[in-house]
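Summary of the model geometry
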Amino acid sequence: MSAAARRPDFVIVGAPKSGTTAMYEYLRAHPQLFLPERKEVRFFGSDLDVRDRPTLTVEEYLAHFAPADPAQLVGTAYVWYLFSSRAAAEIHAFAPDVRIIAMLRNPVEMVWSLHSEHLFNGNEDLDDFTAALDAEPDRRAGRRIPPHAHLPQGLLYSEVPRYAEQLERCIAVVGRDRVHVILYDDFARDVRGTYRQLLGFLGVDPNFTPGSFAVINANKRTRSEWFRHFLARPPELPRRLIRRLVPAPLRRSAYERAKRLNVSAARRAPMPAATRERLRRQFAPEVARLSALLDRDLSDWAR
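Now for a quick tour of the structure. Residue numbers restart at each chain and count upward from 1, following the sequence in its written direction. Whole-chain, interface and lining totals are the exception, using all residues; otherwise, since this is a predicted model, local features are given only for residues with pLDDT of at least 70 and side-chain atom pairs are given and counted only at 80 or more. Based on all heavy atoms of the structure, the side-chain values leave hydrogens and waters out of the count.

Note: two strands are recorded as paired if DSSP finds a minimum of 2 bridges between them. Each helix is a run of H or I in the DSSP string that is no shorter than four residues. Each strand is a run of E no shorter than two, and both are numbered from the N terminus. The strand order E2-E3-E1-E4-E5 describes an open sheet built from 5 strands, whose pairing is parallel. With partners counted over all chains shown, the strands left at the sheet margins are strand E2 (33–34) and strand E5 (179–183), one partner each. The sheet contact formed by E2 and strand E3 (residues 73–77) spans 2 bridges and is parallel. Note on E3: the bridge partner recorded for Phe 34 is Val 74. Contacts are assigned to residue pairs that have any heavy atoms within 4.5 Å of one another. To obtain an axis, a line is fitted to C-alpha atoms, over the contacting stretch when the element is a helix, and the angle between two such axes runs from 0 to 180 degrees between their N-to-C directions. Contacts between helix H1 (residues 20–28) and the sheet are confined to strand E1 (10–14), E2, E3, strand E4 (99–104) and E5, with E1 contributing the most and set at about 165° to the helix.

This is the structure in structure tokens:
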């Protein structure tokens, strides 16, 4: 590994389903910033139980940033770093001058959207959201884990949006002035203004705007569950042959195209009122704690 190998200057740490994919693409458009084409490059968070996903070596991880111009700031993202109890410390140890970006969404809306995402990517097998919430005690004990789950911890919906505790962990490690928090409400209401504020935090030209602020990562559904499982875990022999005969860029391009063909946009039915009220009450103390930490009135979240 070269001594001059670039390490991240900033990391988007989450939370899931809070606008991180859109913001990542908007940041990639800025000429003073370099973010790899692949968003979810996981390297930190040694406490995360990520299954069937290879662990990168330092050289493999840093190779994602090798194309960066020396004058550019380097950024990356992984939306489960915020949830991880170890990622913040591991990121800071690896890149001591790092800046942290956290994007947060009303926890009731976030876990509702997260359940849909889990169904889409195979991490969840309970279609009924209320049933998935009720399954948490079993899943916490290691039972009723879907056979194709790649992150069982993500199925503990009530634990994922413990934002105040997670932010306090980041602040304790890197300092308050190096943590920038974006609320999904602000982002949705004023994309351009929120983007400018983030560019100011990073110290790059805040007057740049991407070609468009298009909607990215809308709710999706899978056309064929069988085909999704086949793409995620192809049979061993064909996988070895493809890896041996097909160059990596071509493999990735074909994989992404096949995934897109197996996806359709989907409008989801509203959350059951009783389930929404249950979550509102459950998350009310967390919302109050976050409100105090950010010195921001979040009472709308608790209504």
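Along the chain, Gly 75 turns up in strand E3. Put simply, Gly 75 and Tyr 24 are 51 residues apart on the chain and 9.0 Å apart in space, counted from C-alpha to C-alpha. Setting aside its immediate chain neighbours within four residues, Gly 75 contacts Phe 10, Phe 34, Leu 35, Pro 36 and Phe 65.

Note on terminology: a nonpolar core comprises buried Ala, Val, Leu, Ile, Met, Phe, Trp, Tyr and Cys residues joined through side-chain atoms within 4.5 Å. Buried, partly exposed and exposed residues are distinguished by accessible area as a fraction of the type maximum, computed with a 1.4 Å probe on protein chains only: under 20%, between the cut-offs, and over 50%, respectively. One finds Trp 80, Ile 100, Leu 104 and Leu 290 to be the most contacted residues of the largest nonpolar core, which totals 57 residues. Counting residues per element, this core draws most heavily on helix H7 (residues 163–174), which supplies 6 residues. Sequence-distant contacts of Ile 100, defined by excluding residues within four places in its chain, comprise Val 11, Val 13, Ile 91, Cys 170, Val 174, Arg 178, Val 179, His 180 and Phe 201. One finds Ile 101, Ile 182, Leu 198 and Val 204 within the second-largest nonpolar core, a separate group that totals 20 residues.

All right, on to the packing of helix H3 (residues 87–94) against H7 then. The contact between H3 and H7 brings their axes to 9 Å, and the two run at 25°. Relative to H7, the element H3 is oriented roughly parallel. By crossing handedness, the relation of H3 to H7 is classed as right-handed. Taken together, the residues of H7 that come into contact with H3 (itself represented by Ala 88, Ala 89 and His 92) are Arg 169, Cys 170, Val 173 and Val 174. Only Asp, Glu, Lys and Arg are considered charged in this grouping, and only Ala, Val, Leu, Ile, Met, Phe, Trp, Tyr, Cys and Pro are considered nonpolar; every other residue, Gly among them, is considered polar. Tallied by class, residues from the contact of H3 with H7 come to 5 nonpolar, 1 polar and 1 charged. In this scheme, roughly parallel covers angles under 35 degrees and roughly antiparallel covers those over 145, while 65 to 115 is roughly perpendicular and the rest are oblique. A clockwise turn of the near helix away from the far one marks a right-handed crossing, whereas an anticlockwise turn of less than a right angle marks a left-handed crossing.

The next subject is helix H13 (residues 273–294). We define the bend at each residue as the angle formed by axes fitted to the 7 residues ending at it and the 7 residues starting at it. Where H13 bends most, at Phe 283, the angle is about 45°, and the proline Pro 285 comes one to four residues later. Where H13 is concerned, the buried positions are Thr 275, Leu 279, Phe 283, Glu 286, Val 287, Leu 290, Ser 291 and Leu 294. Elements that come into contact with the buried residues of H13 comprise E4, helix H4 (107–121), helix H5 (129–134), H7, E5 and helix H14 (299–302).

Relative to the helices and strands, His 180 resides in strand E5. On the basis of relative accessible area, His 180 is assigned to the buried category, the value being 15%. When neighbours within four sequence positions are excluded, His 180 is seen to be in contact with Ile 100, Ile 101, Ala 102, Gln 197, Leu 198 and Phe 201.

Between the first and last C-alpha of helix H9 (residues 191–202) there are 17 Å, a value that for 12 residues agrees with the 16 Å anticipated at 1.5 Å per step. Among the residues making up H9, those that are buried are Gly 193, Thr 194, Tyr 195, Leu 198, Leu 199, Phe 201 and Leu 202. Just past H9, the residue Gly 203 takes up positive phi, approximately 80°. Between the first and last residue of a helix there are one fewer steps than residues, each counted as 1.5 Å, and that sum is the expected span.

What counts as a ring pair is set by centres within 6.5 Å for rings of Phe, Tyr and Trp (its six-membered ring), and what kind of pair is set by the plane angle: stacked under 30 degrees, edge-to-face over 60, tilted for all other angles. Under the definition given, this model contains 14 aromatic pairs. Between Tyr 61 and Phe 94, the ring centres sit 6.0 Å apart and the planes meet at 65°, which makes this aromatic pair edge-to-face. One end of the pair, Tyr 61, is in helix H2 (residues 58–63); the other, Phe 94, is in helix H3, and 33 residues separate them in sequence. In this structure, Tyr 61 and Phe 94 share a single accessibility class: buried. Among the aromatic side chains, those forming a connected cluster through ring pairs are Phe 43, Phe 44, Tyr 61, Phe 65, Tyr 78, Tyr 81 and Phe 94. By the criterion adopted, a ring carries a charge over it if an Arg CZ or a Lys NZ lies within 6 Å of its centre and within 35 degrees of its normal. Positioned above the aromatic ring of Phe 94 is the side chain of Arg 7, whose terminal nitrogen or guanidinium carbon lies 4.0 Å from the ring centre. Stacked on the ring of Phe 201, the Lys or Arg Arg 99 has its end atom at 5.1 Å from the ring centre.

By themselves, these observations are geometric and do not establish any function.
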